[in-house]
Amino acid sequence: MSSSDIFIGETIGTAVLILLGGGVCAAVTLKASKARGAGWLAIAFGWGFAVMTAVYISAPLSGAHLNPAVTLALAIKNDDYSNLATYWGGQLLGAMIGAALVWVAYYGQFLAHLTDSEIVGGPEERAPKAVEAEEPGAGPVLGVFSTGPEIRNVVQNLATEIIGTVVLVLAILTQGLNNNGDGLGVLGALITAFVVVSIGLSLGGPTGYAINPARDLGPRIVHALLPLPNKGGSDWSYAWIPVAGPLIGGAIAAGIYNVAFA
């Protein structure tokens, strides 16, 4: 596959991933959404179906990595780093596009949510409150765009992201690859979708299971740039964990695969 195919495929696929995954977070979180309060089960399955849809769309072009941790793991597995930057660039751009599309789709809901005094406070209380956890630096709709921990403990938060990503990437490397071994196959899309649901239900509670650096960093950048009223901070002090953790997890999974399965 050509570099242009890789970049276009990863951009489109990751945009769809974040549009549908971020979309379910918006649906569950925002005021005046018909799905508000649907809960964690809806989020876990929403992200799983988002992965499946995005993989099926982008696999013919790029192999549907859609995750820098998966790309890194495949580069280590195949000892080929030539397309690493192309994949990562498309993934980050796609994640930002997808997050912006979530904002467009839920524009009215964002405004209703962020102008509700019960959510953001009155004029005398302008410090925004996080929806799921009152964390310093996290605005009231940041959870629609990116992840954050329920309990801030750097070692635990980093370990949780590493563990979740190891599970994801090992499942992809052992069960999900196409015949060329450079991306996800048709059956692999379905397997990976259910693995993502499983990770969300079992390991998502502590940090919100980024397990994908682009999925967290791209939308966090968009949150910082969007002209949302009373949006609060983008929690940059935490932002390195959902980037570093999944990359470490992807590398560990590739190492385990090369030692135990190759």
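The coordinates are above.
Residues numbered from 1 in each chain as written. Predicted model: local features only at pLDDT ≥ 70, side-chain atom pairs only at ≥ 80, totals over all residues. Heavy atoms only, no water.

**Some details on helix 9 (residues 186-203)**
An α-helix turns once per 3.6 residues; consequently, residues spaced three or four apart project the same way.
Inference 1: The terminal C-alpha atoms of helix 9 lie 26 Å apart, and with 18 residues this matches the ideal 26 Å at 1.5 Å per residue to within 8%.
Inference 2: Among the residues making up helix 9, those that are buried are Gly-188, Ala-189, Thr-192, Ala-193, Val-195, Val-196, Val-197, Ile-199 and Gly-200.
Inference 3: Lining the buried residues of helix 9 we find helix 2 (40-62) and helix 8 (154-176). (Helix = DSSP H or I, 4+ residues; strand = E, 2+ residues; numbered from the N terminus. Expected span 1.5 Å × (residues − 1). Buried < 20%, exposed > 50% of the residue type's maximum accessible area, 1.4 Å probe, protein only. Contact = heavy atoms within 4.5 Å.)

**Some thoughts on the nonpolar core**
Inference 1: Counting residues in hydrophobic clusters, the biggest one holds 58 residues, and the most contacted among them are Leu-17, Trp-47, Phe-110, Phe-145, Tyr-209 and Leu-228.
Inference 2: Tallying contributions element by element places helix 8 first for this core, with nine residues.
Inference 3: Once residues lying within four places of it in the same chain are set aside, the contact partners of Leu-17 are Gly-22, Trp-47, Ala-50, Val-51, Ala-54, Leu-66 and Asn-212. (Core = buried A, V, L, I, M, F, W, Y, C linked by side-chain atoms within 4.5 Å.)

**Some remarks on the packing of helix 4 (residues 84-105) against helix 5 (residues 107-114)**
Inference 1: The contact between helix 4 and helix 5 brings their axes to 4 Å, and the two run at 75°. Between helix 4 and helix 5, the interaxial angle falls into the category roughly perpendicular. Across the interface between the two elements, Val-102, Trp-103, Val-104 and Ala-105 from helix 4 touch Tyr-107, Gln-109 and Phe-110 from helix 5.
Inference 2: Partitioned by chemical class, the residues of the contact of helix 4 with helix 5 number six nonpolar, one polar and no charged. (Axes fitted to C-alpha atoms, helices over the stretch in contact; angles between N-to-C directions. Parallel < 35°, antiparallel > 145°, perpendicular 65-115°, else oblique. Nonpolar A, V, L, I, M, F, W, Y, C, P; charged D, E, K, R; others polar.)

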